[in-house]
Amino acid sequence: YIPIVKPIFDLLKAEGQGSEMRDVALWVLQVLSLDRNITNKMIELDVIKWIVNLLWNESNSLSDDNLEYAHAMLMNTTLRSLGKKKCEEISKEVL
């Protein structure tokens with residue numbers, strides 16, 4: 001499944017708010033984020049930064065499901081040591 005992560009993430013970034021394709025891509029990536037190898041690939045692609053920006057900019061307008069998917073994916077990616085390092089890298093931008 002690792003080869004499909006980047007195309008799905010690219011689709012997720014390209015689709016606008018409220019797009020059904022974006023909703024499905026977010027759901028798929030959240031489900032895939034349960035796998036350690038896929039999560040590592042997602043971290044390399046800067047998914048954490050994208051999720052933080054999504055939650056920062058759109059949390060009030062996201063559906064309940066998408067909000068849950070985004071939080072779950074953030075949690076799954078930040079449980080890895082590489083994910084924690086990525087959080088440290090972007091912490092100055094967020095705080």
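Residues numbered from 1 in each chain as written. Predicted model: local features only at pLDDT ≥ 70, side-chain atom pairs only at ≥ 80, totals over all residues. Heavy atoms only, no water.

Engineer: So what about the pattern of salt bridges? Which residues, and what values?
Structural biologist: For the structure on display, the rule yields five salt bridges. For Glu 58, the salt bridge is made with Arg 22, and the minimal N-O distance between the two is 2.9 Å. Remark: Arg 22 occurs in helix H2 (residues 20-32) and Glu 58 occurs in helix H4 (residues 47-58); sequence separation between them is 36 residues. Where Asp 46 meets Lys 86, a salt bridge forms, and the shortest distance between an N and an O atom there is 3.2 Å. You can see Asp 46 sitting in the loop between helix H3 (36-44) and H4 and its partner Lys 86 sitting in helix H6 (residues 81-94), a full 40 residues away along the chain. (Salt bridge = Lys/Arg side-chain N within 4 Å of Asp/Glu carboxyl O. Helix = DSSP H or I, 4+ residues; strand = E, 2+ residues; numbered from the N terminus.)

Engineer: Break down H3 for me, citing the residues and quoting the values.
Structural biologist: Along H3, the residues that are buried comprise Ile 38, Thr 39, Met 42 and Ile 43. Mapping the buried residues of H3 onto a view down its axis gives an arc of 145°, with all of them on the same face. Those residues of H3 hidden inside the fold are in contact with helix H1 (2-14), H2, H4, helix H5 (64-78) and H6. Between the side-chain oxygen of the N-cap and the backbone nitrogen of Asn 37 there are 3.0 Å, and the N-cap of H3 in question is Asp 35. Following H3 by one or two positions, Asp 46 has its phi on the positive side, about 65°. (Buried < 20%, exposed > 50% of the residue type's maximum accessible area, 1.4 Å probe, protein only. Arc of directions from axis to C-beta. Contact = heavy atoms within 4.5 Å. Polar contact = N/O pair within 3.5 Å; in protein donor to acceptor, adjacent residues only side chain to side chain.)

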